[in-house]
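Close look at the chain arrangement
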Amino acid sequence: MRLGSGTFATCCVAIEVLGIAVFLRGFFPAPVRSSARAVHGAEPPAPEPSAGASSNWTTLPSPLFSKVVIVLIDALRDDFVFGSKGVKFMPYTTYLVEKGASHSFVAEAKPPTVTMPRIKALMTGSLPGFVDVVRNLNSPALLEDSVIRQAKTAGKRIIFYGDETWVKLFPKHFVEYDGTTSFFVSDYTEVDNNVTRHLDKVLKRGDWDMLILHYLGLDHIGHISGPNSPLIGHKLSEMDSVLMKIHTSLQSKERETPLPNLLVLCGDHGMSETGSHGASSMEEVNTPLILISSAFERKPGDIRHPKHVQQTDVAATLAIALGLPIPKDSVGSLLFPVVEGRPMREQLRFLHLNTVQLSKLLQENVPSYEKDPGFEQFKMSERLHGNWIRLYLEEKHSEVLFNLGSKVLRQYLAALKTLSLSLSTQVAQYDMYSMMVGTVVVLEVLTLLLLSVPQALHRKAELEVPLSSPGFSLLFYLVILVLSAVHVIVCTSAESSCYFCGLSWLAAGGVMVLASALLCVVVSVLTNMLVGGNASRKNPVHPSSRWSELDLLILLGTAGHVLSLGASSFVEEEHQTWYFLVNTLCLALSQETYRNCFLGDDSEPPCGLRVEQGLDGATAAWQDGPACDALERDKGHRSPSASQGLRGHEKWMVLASPWLILACCRLLRSLNQTGVQWAHRPDLGHWLTSSDHKAELSVLAAISLLVVFVLVQRGCSSVSKAALALGLLGVYCYRAAIGSVRFPWRPDSKDISKGIIEARFVYVFVLGILFTGTKDLLKSQVIATDFQLKTTLMTKFIWKPLRHDAAEITVMHYWFGQAFFYFQGNSNNIATVDISAGFVGLDTYVEIPAVLLTAFGTYAGPVLWASHLVHFLSSETRSSSALSHACFCYALICSIPVSTYIVLVTSLRYHLFIWSVFSPKLLYEGMHLLITAAVCVFFTAMDQTRLTQS
């Protein structure tokens, strides 16, 4: 079966996306879970240890507090409370921390530091999987055991106001709730007012046991303007007032209840220096945790410094505080200061229940649990506890009893710490079978692409895919039988859950058929290459086998980048790799330009022979015209290079172009600091967006939009020009509406809105530009009346003078697209994803437009460079195969790093930085491959349209 190069490449990338999806599902499995599912008929608590005594404690301890109020402030990092900002903007909270009846902690949130996984960690005590970053956009109901579930089962009445993620995670658990949209980040006022407006009413009532408030405004301010915005201080002051209102109300109600109340102030995650979150920097993982209650009264001179704890410790602490069973999947330990004021027997009982729960979880997830140091410490603690109980029942007051109790206490605390650490290291059990299936599919596709290079880049841009030969059929059925047998053996003998084994036989069989077909195609292509090697050498793809310096740079640069992905530091600072490659490319282009202009090129054809190698499928056509006549007169009938045919200022433009590009790249590097090492340093972007430099940003934005219009409007129809002008004007109006820039006639205007009308105005004209622009582009593929005019532009000054073929031009566009991805401020940290871009023009959260806008905003650089490549190859060449060649090369250059990277992360799956560094990069690679598939579909559609119309 014969396929065009572009169609073949598009099919290969689509299959590769399927393979990556299976691999990701195996790499990001469900974390450690208890085999005992949460049910209403909960199992009885473990009895108190005994050593021959007839009486022991077999029931759950009574609640320690009457009511619990949880105030969760989204993106509240620790220095907002314990640092200078807390002293300045949260005086009441600072007083409670330093002198009040409270215990303060710095709770560490494990990556990914996004809201939904953090809520799960707070309420279940478990460590959510990293793939919850994706599920964060549409949170499903939480089926795991949690404090909320246990409280509802115990008949406690729970009220919730705030982020609607809680309502999705815990449906039908709240007797009263009012959810607010968490992803509409441009709103930081109403989203909190909708929570606070319920407080006066609910605090006067006594018909509830648990009140949860989730404030989103601080997080939204961070996404909009960062942690150093003046709005941060105002929001912290607002939160301080809310906390004071709740605390004073709870204190006044304690006279009516036999038990004290508990107020919990916490954050789900922190905030990076850029205002985002999702990664593992100190600013993102460290959050304040303050427990406030009259039960924690301190003596004069009692100074309590914040202690470092794990965020997963909150679930066990809340369960003990409310007299509930600890969630079965919790890996956290009780915050002991909460119970240290209770009698010794109660303290030991609380710690025993916690260690029993952790030891059961360890037994269910670690085969050699008996050798675990934490389990050994637990058994020792339990024996000592039994001895203490026997002694306690005999004599309740003695120094021996107190000393033994203190020893048991220390032993339990050590066991808790060790057990929690052991379970945390078992956070994920890799689904190796699914990972291997995905890896095999991806590597088969990459091998097929590499073997198909000679045919795919041939002048005809077609290749034969052997699918019908007898040898193919026999091998195909044999491979299917082998894979089916392996599938049955693995799935029947697997001790842990496996995603691929859980698929239906139809779906699993389809993947096996696909893998078998790919293997057979690879073998057939390889056999044909070996058998027909002599014929291939007689008819090479290129007229000369000599490798140019640019070809070597592309090869070595691609290989160096791929190899660098195996080092965590290079992954964190990958932008430096692309900056180096782009700068080196500019220098190589400059060197080649100077050599062609001043030294000439002996390999040049005569003037009348127009060569479009690669762009025109290595074809040659005789051409006479004014340009050739001028060259004959100017150069004394020599055989000039293409660059030598340029006159005066055109020649200097050619010479200066690489240096101008290099200077622009250096300026763009200064626009946004990214990565890890230098992300905290000031950059041009922060300088421009500060309130003190709004005038400079306004002037720069106006000039930039004007330049965009001047550059883009060439060759556009009058309708496109009008739509473009109005659309760019709308862009400036939108920025002025949200307060980023200002109008000259309103320099001090403070009328800031969400810019919804202005943004929708822009969208209308963008759609018009896309329609008319695509129509003009398709038309230009067949009717190229202005071809000579277009060749005097970028083509004449950059690509044509050096006669690069389609493959080289495609790789150069890809490199620049990757560099521009990092110029935007992106990195391999999830924290740099600007989700605010997904809500431009939306007055409420709509999932599909928000996801598409966020994806386009993140990958705007690569997408725009790919679009320019399509436009260039469509309008600047008359080749019938240029787009096919470009599509194939684009698919190949994107497939090489992603295929290599999944092999690397598989071998590095137990690396120290696997979750903080390598896993986020894996998600980026998966998304980049999906974008590549969309780009290849666009390439193929344009190519097919061109062939149909021609």
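Worth saying up front: this structure is predicted, and the values here are computed from it rather than measured.

What counts and what doesn't
Residues numbered from 1 in each chain as written. Predicted model: local features only at pLDDT ≥ 70, side-chain atom pairs only at ≥ 80, totals over all residues. Heavy atoms only, no water. Salt bridge = Lys/Arg side-chain N within 4 Å of Asp/Glu carboxyl O. Buried < 20%, exposed > 50% of the residue type's maximum accessible area, 1.4 Å probe, protein only. Pairing = 2+ DSSP bridges. Helix = DSSP H or I, 4+ residues; strand = E, 2+ residues; numbered from the N terminus. Axes fitted to C-alpha atoms, helices over the stretch in contact; angles between N-to-C directions. UniProt positions renumbered as here; feature names shortened; annotations may be inferred. Expected span 1.5 Å × (residues − 1). Disulfide = S-S within 2.5 Å. pLDDT = per-residue confidence, 0-100. Contact = heavy atoms within 4.5 Å. Parallel < 35°, antiparallel > 145°, perpendicular 65-115°, else oblique. Left-handed = near helix turned anticlockwise from the far one by under 90°. Nonpolar A, V, L, I, M, F, W, Y, C, P; charged D, E, K, R; others polar. Phe/Tyr/Trp six-rings, centres within 6.5 Å; stacked < 30°, edge-to-face > 60°.

This part is about the pattern of salt bridges. Inspection of the entire model under this criterion finds 20 salt bridges. Linking Lys 110 and Glu 108 is a salt bridge whose minimum nitrogen-to-oxygen distance equals 3.4 Å. Since its relative accessible area comes to 28%, Glu 108 is described here as partly exposed. Within the structure, one salt-bridge network assembled from shared partners comprises Arg 77, Asp 79 and Glu 273.

Taken in spatial order, the 8 strands line up as E5-E4-E6-E2-E7-E8-E3-E9 in an open sheet, and their pairing is mixed. A single partner strand is all that each edge strand has here, and the edge strands are strand E5 (176-180) and strand E9 (307-310). With strand direction ignored, the average angle separating the axes of adjacent strands in the sheet is 15°. For strand E7 (residues 262-266) and strand E8 (residues 286-292), the ladder comprises 4 bridges, and the chain directions are antiparallel. Bridge pairing in E8 places Leu 263 opposite Ile 292.

Bringing the UniProt feature "transmembrane region" (unreviewed entry) in the protein chain into the picture now. Under the feature "transmembrane region" (unreviewed entry), the UniProt entry names residues 432-451, 472-490, 502-531, 695-712, 724-743, 755-773, 887-910 and 922-942. The distance separating the terminal C-alpha atoms of residues 695-712 is 26 Å; by composition the span is 100% helix and 0% strand.

Along the chain, Leu 322 falls in the loop between helix H14 (313-321) and helix H15 (344-365). Remark: the alpha-carbon pair of Leu 322 and Leu 262, spanning 60 residues in sequence, is separated by 9.9 Å.

Here we take up helix H12 (residues 230-253). In this model H12 runs 36 Å from its N-terminal to its C-terminal C-alpha over 24 residues, within 8% of the 34 Å that 1.5 Å per residue would give. Of all the positions in H12, only Ile 232, Gly 233, Lys 235, Leu 236, Met 239, Asp 240, Val 242, Leu 243, Ile 246, His 247, Ser 249 and Leu 250 are classed as buried.

Moving on, we come to the state of the cysteines. This structure, assessed with the given rule, holds 1 disulfide. Disulfide partner of Cys 491: Cys 501, at an S-S distance of 2.1 Å. Because the torsion about its S-S bond is -85°, the bridge between Cys 491 and Cys 501 counts as left-handed. Here the residue Cys 491 occupies a position in helix H20 (residues 470-493), and Cys 501 occupies one in helix H21 (residues 499-502), the gap between them amounting to 10 residues. With a relative accessible area of 27%, Cys 491 lands in the partly exposed category. This cysteine, Cys 498, is not joined by any disulfide, and Cys 501 carries the nearest cysteine sulfur, 3.5 Å off.

This part takes up the confidence of the model for the protein chain. Looking at the protein chain as a whole, its pLDDT mean stands at 83, while 82% of the residues score no less than 70. Below a pLDDT of 50 lies the segment residues 602-642, which in the model reaches 72 contacts outside its immediate sequence neighbourhood of four places, other chains included. This stretch, residues 780-792, has a pLDDT under 50; its non-local contacts, to residues over four places away or in other chains, come to 20 contacts.

What follows deals with the packing of helix H18 (residues 432-451) against helix H22 (residues 505-531). Axis separation between H18 and H22 bottoms out at 10 Å; the angle between their running directions is 30°. Here H18 is positioned roughly parallel relative to H22, judged by the angle of their axes. Here H18 and H22 pass one another in a crossing that is left-handed. In contact with Val 437, Val 441, Glu 444, Val 445, Thr 447, Leu 448 and Leu 451 of H18, H22 contributes Val 511, Ala 515, Leu 518, Leu 519, Val 521, Val 522, Val 525, Leu 526 and Met 529. Residues that form the contact of H18 with H22 fall into these classes: 14 nonpolar, 1 polar and 1 charged.

Here we take up the pairing of strand E2 (residues 68-73). By the criterion of burial, E2 is predominantly enclosed, with 6 of the 6 residues buried. Because side chains alternate across E2, one face comprises the buried residues Val 68, Ile 70 and Leu 72, and the other comprises Val 69, Val 71 and Ile 73, equally buried. Alignment of E2 against strand E6 (residues 210-215), held across 6 bridges, turns out to be parallel. By the bridge assignment for E6, Val 71 is matched with Leu 213. As paired strands, E2 and E7 are joined by 5 bridges and run parallel to one another. Paired with Val 69 across the strands is Leu 263, a residue of E7.

Of all the 6 residues making up E6, 6 are buried; the element is thus mostly covered by neighbouring parts of the structure. Burial along E6 is two-sided: the face carrying Met 210, Ile 212 and His 214 and the face carrying Leu 211, Leu 213 and Tyr 215 are both buried. Sheet topology places strand E4 (residues 158-163) next to E6; 5 bridges connect them, and they run parallel. Within the sheet, the bridge partner assigned to Tyr 161 lies in E6 and is Leu 213.

This part covers unusual backbone geometry. Notably, Ala 75 is not glycine yet its phi reads approximately 65°, a positive angle. Inspection of the secondary structure puts Ala 75 in the loop between E2 and helix H2 (79-82). Using a relative accessible area of 0% as the deciding quantity, one classes Ala 75 as buried. Even without being glycine, Lys 172 reaches a positive phi, approximately 65°. Locating Lys 172 in the fold gives a position in the loop between helix H8 (165-169) and E5.

The next point concerns the packing of aromatic side chains. Inspection of every chain in the model, using the stated rule, returns 25 aromatic pairs. Seen from their ring centres, Phe 27 and Tyr 430 are 5.3 Å apart, and the 45° between their planes marks the pair as tilted. A residue pair is termed long-range when its members are at least 10 positions apart, and Phe 27 in helix H1 (residues 5-27) and Tyr 430 in the loop between helix H17 (399-425) and H18 qualify at 403 residues. A residue is classified by how much of its surface remains accessible, and Phe 27, at 0% relative accessible area, is buried. Judged by centre distance (5.9 Å) and plane angle (75°), the ring pair of Phe 65 and Phe 296 falls under edge-to-face. Remark: Phe 296 occurs in the loop between E8 and E9 and Phe 65 occurs in the loop between H1 and E2; sequence separation between them is 231 residues. Each member of the pair, Phe 65 as well as Phe 296, carries the same accessibility label: buried. An aromatic cluster is built from Trp 578, Tyr 814, Trp 815, Tyr 890 and Phe 939, whose rings are joined through pairwise contacts.

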